[in-house]
Amino acid sequence: MAGVLKSAGVPNPGGPLNPAAVLTGMKLAVLRRSMSGPRAASLIAGGVCGVLAAVGTAVLGLVDFPVPEAGVGTLALVLLVWTVGWALGPTLTGGDPTLRLSYFTLVPLPPRRLALGLLAASFVGITPLVGLIAFSVLIVFGAGLGLLPALVAVPATLLQLLLVVVLAKLSLQCLGSVARSRLGWELSALLVGLVCGFLNTGWFGLAFFFELLGGHRASVIGTVVRALPSGWSVVAVDAARRSDWALAGACLGGLLGLCALLFAAWTTLLSRQLVRGTAGGSRATARRDSARRDSARRGAARRSARLRAVTDSPAGAVLGKELRLWARDPRRARFLRIALWTGLFTGLLPLLGGFSTVLPWTGVVLALYAGALGSSLYGLDAGALWLTLVAPGADRIDVRARQWAWLLVVGPAALLLTVAATLAVPNGWAWPWLLATLPAVLGAGAGLTPLMSLLGPAPFPDLPGGNPLDGFSDESGDQVRMQSLAVLLLQLAAALPAAGVVLAGTLLHSAPLRWAGTAVGLGTGLLYAWWLGRAARHRLETRGPELLDVMRKGVRRQGTEPARSSEERERQDRLSALSRRRTALAGLLVTAGVLSVAPQGGVALGMSLLAPANRSWFLALYLPQGWQVPVAAGFVLLGSVCFFGVYRLIRAKHAAERE
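Residues numbered from 1 in each chain as written. Predicted model: local features only at pLDDT ≥ 70, side-chain atom pairs only at ≥ 80, totals over all residues. Heavy atoms only, no water.

> Tell me what's going on with helix α17 (residues 362-373), and back it up with residues and numbers.
Helix length check: α17, at 12 residues, gives a terminal C-alpha distance of 16 Å against a target of 16 Å (1.5 Å per residue), a fit within 8%. Of all 12 residues in α17, 12 are buried; the element is thus mostly enclosed. Within the sequence span of α17, burial applies to Thr362, Gly363, Val364, Val365, Leu366, Ala367, Leu368, Tyr369, Ala370, Gly371, Ala372 and Leu373. (Helix = DSSP H or I, 4+ residues; strand = E, 2+ residues; numbered from the N terminus. Expected span 1.5 Å × (residues − 1). Buried < 20%, exposed > 50% of the residue type's maximum accessible area, 1.4 Å probe, protein only.)

Right under this line is the structure:
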């Protein structure tokens, strides 16, 4: 902190200090030095998707609406979606990873000045730029109405951006405080599951919302979205068109007052968090923590009684420990609940549009996300890995017991959800597909969760307060997200052999061949679990000390060691610049690959076979029937080429570093 303050140009450390300038400089310095590796790839991929969505929103202001009131209602609805996204976004990312609140616990600054500095630093980065581009739809819309509405749209755009930034800060602080309790686990997991489920299949329910906007309830819904704070900015622009300056001023003043109110609430929560982060804390906080620990001990005693069936052996000891961790550890419990809610919302949201084909797949989606979110299984234990390394012969036992624990926790839930969802919507055709793909996905998940966490160890921070959201904003969080995406895609690929057999039986109208996919799914699932678990055990045996070093010290970034000579320094600079370009290209290729393989390829292929009438945003479904399957397969091939390009970039980077 002192070094940053000195480099920021503060003449007297004991004199007046501008927190906004210092914290903004800190964030800029951190961002400038962290644009390499998984973090840069994650930022670039997210930035590209965000900018595309923001530009699409801004272009919406050019639409020629039949009457201005229709445009006001539509833009108010779009701004509501962006506002909700900003409020729920921190539950996915954990907020700003560069400026943690724990860094400033001992800094002698009043909470309000610190909050002002953190708020000013929040406007630095890709996310505020995306928000500014999206909210510029107000300026575009106002320019079409006249000069005065366009002028009013400028402060309305800035106030809308200020509103969502403060709201994101407040929501993260509230969720971070609530997420320490059991109720908080469920609430934060439900929000994340809703977001993930909407991203998966939410477009199937868009017809329902469009029907509401165009039906007999359109006037009521339009009034509601305009009355919400997210719609005040567009109401102010429309009021300027009608020269209703009282309403325009009331809307802009209301936005400013609401931002001040949210900022005051965030400052209050921030001051409490600062007190909680000190050694003593308040007596009320201590009493609440004591009561929470007593409740946890009572619940642990009840769960321990259920685990007495675990054998008294080394494998049983690890299995019992893992089962208890999946029930007690806030992060693991939250991951399981996220997977559960994601599976439910993925199947339920399409029902709003009358599409029930996805509902039986809720259990498979649960297994997919449980495997993806468990991609840092060993990272959750961090430095505790040394307990395994110092015990002779414990490597194989530890890996296999972790696999069994994951299967015992995820398998019954996925199977029960699959059976319940399929019986709720009678679809006899789905049983061969589900019985073939679910075992393959579970087996692949059981093997990939330990293996991926050992191939790319990313330890989660052990910070005071026990906030399960902290792991998302750690320096290794970007690597965890990339690993989760890789595990998700690998699990989908693992189900292809069994699904291919069922598809062949369906196309050939052969019932025995269709049901043979179940045997293929069971066989491949067992093979994946055994083979990938064996690879994880070999990795733990041969690279144990190196893995423990990463678990204890965290993920090391390239280029952190100082060069020993001018030639080495020049070589490091060239590699750093080359790494940034390759990382940017890799981020773009990963984004294009995911969009091509998953929605435009695999999902479009399934939709063309099961429900070709529901075209949504799948490009292949807008073509003639004979071209849909080849084009969808072409998207899968294009995505595979993109992923191969990422692989080649990584190989080239490693080759350049070895030279």
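> So, the nonpolar core: which residues are in play, and what are the values?
Tyr378, Leu385, Trp406 and Leu540 are the most contacted members of the largest nonpolar core, which has 54 residues in total. Look past the residues within four positions of Leu540 in its chain and what remains in contact with it is Tyr378, Leu385, Thr388, Leu389, Asp395, Val399, Leu454 and Leu547. Trp86, Phe135, Val166 and Phe263 belong to the second largest nonpolar core, which has 51 residues in total. (Core = buried A, V, L, I, M, F, W, Y, C linked by side-chain atoms within 4.5 Å. Contact = heavy atoms within 4.5 Å.)

> I'd like a description of the pattern of salt bridges, backed by residues and values.
Close approach of charged atoms lets side chains of opposite charge pair. In this structure the tally under the stated criterion is 9 salt bridges. The partner of Asp244 in a salt bridge is Arg242, and the shortest N-O contact between them spans 3.8 Å. Residue classification places Asp244 among the partly exposed residues on the basis of a relative accessible area of 28%. Linking Arg332 and Glu322 is a salt bridge whose minimum nitrogen-to-oxygen distance equals 2.7 Å. In this pair, Arg332 is assigned in helix α16 (residues 330-348) and Glu322 in helix α15 (residues 314-328), connecting sequence segments 10 residues apart. (Salt bridge = Lys/Arg side-chain N within 4 Å of Asp/Glu carboxyl O.)

> An account of the confidence of the model for the chain is requested, with residue identities and associated values reported.
In the predicted model, the chain carries a mean pLDDT of 76, and 72% of its residues have values of at least 70. Of all the helices and strands in the chain, helix α1 (residues 2-7) carries the lowest mean pLDDT, 44, while α17 carries the highest, 92. Here residues 1-15 scores under 50 on pLDDT; set against residues more than four positions off or in separate chains, the count is 11 contacts. (pLDDT = per-residue confidence, 0-100.)

> Residue-level account of helix α23 (residues 511-542), with values.
Between its first and last C-alpha, α23 extends 47 Å over 32 residues, near the 46 Å set by a 1.5 Å rise per residue. Listing the buried residues of α23 in full gives Gly517, Thr518, Gly521, Thr524, Gly525, Tyr528, Ala529, Leu532, Gly533, Ala536, Arg539 and Leu540. At the N-terminal end of α23, a side-chain oxygen is found 3.4 Å from the backbone nitrogen of Leu513, two or three residues along, and the residue is Ser510. (Polar contact = N/O pair within 3.5 Å; in protein donor to acceptor, adjacent residues only side chain to side chain.)

> Can you break down the side chain of Thr267 residue by residue, with the values?
Here Thr267 is to be found in helix α13 (residues 245-276). Given a relative accessible area of 7%, Thr267 falls into the buried group. Those residues within four positions of Thr267 in sequence are excluded, and the remaining contacts are Pro111, Arg112 and Ala115.

> An account of unusual backbone geometry is requested, with residue identities and associated values reported.
Positive phi outside glycine occurs at Ser243, with the angle close to 60°. By secondary structure assignment, the location of Ser243 is in the loop between α12 (232-241) and α13. By relative accessible area, Ser243 is classed as partly exposed at 45%.

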